[in-house]
Amino acid sequence: MPKVLVLTGDAAESLEVMYPYQRLLEEGYEVDIAAPSKKKLQFVVHDFVEGYDTYTEKPGYTWDADLAFSEIDPSDYAAVVIPGGRAPEYIRNDPDFARIIEHFFSEEKPVAQLCHAPLALASAGVLKGRRTAAYPALQPDVEAVGAEYVDDAGVVDGAMVSARAWPDHPVWMREFVRLLRERAPVEEREAVTV
């Protein structure tokens, strides 16, 4: 069974971790959630409130990280997902983050990323010359590293699929699952009768 890695941490957007996690399990992939350390992670909910110029943040789900970044051998995985929220702001500083990400890009394995994930990918040096969606406020950051900002859902650039934020999930995951089915298909199993 092909494995997919989710790279995240505290303050990741709850929907942006849990939706791809559950959707990929539904497809038959094994999914590991990794963070800078192996611990219980605290996710958040980002939403808009009338009168605010930006999103608000409330506590979301908690979830155990299966692995610490330092424990990861990226060659064990067929693809990687990088959710948004505030986690990308600090996971990019983990010395193993760039090592892991560089593997997926150099091997042209499927990468799904959205919202604030381009902050981490930019730090890893893998966005230059690429087309990517991102949370709209990140357009200057994306362009500063030599990438083209695209204001759309499910932007495909080679093996990378990006989106703006959780409202783009249906298009984003449809494109990512299509890519996974092509490059790392799950073998069909016969139904077990009881």
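Notes on the structure follow. Bear in mind that the values here come from a model prediction, so they are computed numbers and not experimental data.

Conventions used here
Residues numbered from 1 in each chain as written. Predicted model: local features only at pLDDT ≥ 70, side-chain atom pairs only at ≥ 80, totals over all residues. Heavy atoms only, no water. Helix = DSSP H or I, 4+ residues; strand = E, 2+ residues; numbered from the N terminus. Buried < 20%, exposed > 50% of the residue type's maximum accessible area, 1.4 Å probe, protein only. Phe/Tyr/Trp six-rings, centres within 6.5 Å; stacked < 30°, edge-to-face > 60°.

The next thing to look at is the side chain of Asp96. In this fold, Asp96 is placed in helix 3 (residues 95-106). Judged by its relative accessible area of 18%, Asp96 is buried.

Here we come to unusual backbone geometry. The backbone phi angle of Glu108 is positive, close to 55°, even though this residue is not glycine. With respect to the element layout, Glu108 can be found in the loop between helix 3 and strand 7 (111-114). With phi around 60°, Cys115 is a residue other than glycine that occupies positive phi space. In this fold, Cys115 is placed in the loop between strand 7 and helix 4 (117-123).

Right, let's talk about the packing of aromatic side chains for a bit. The full count for this structure, using the stated rule, is 3 aromatic pairs. When the ring of Tyr21 is compared with that of Trp63, the centres are 5.5 Å apart and the planes differ by 70°; the resulting orientation is edge-to-face. Residue Tyr21 is found in helix 1 (residues 14-27), and its partner Trp63 is found in strand 4 (residues 56-64); the two are separated by 42 residues along the sequence. Plain terms: the ring middles of Phe69 and Phe97 are 6.2 Å apart, the flat faces sit at 45° to each other, and that makes the pair tilted. Of this pair, Phe69 sits in the loop between strand 5 (67-68) and strand 6 (79-82) while Phe97 sits in helix 3, and the two are 28 residues apart along the sequence. Grouping residues by exposure puts Phe69 and Phe97 together as buried.

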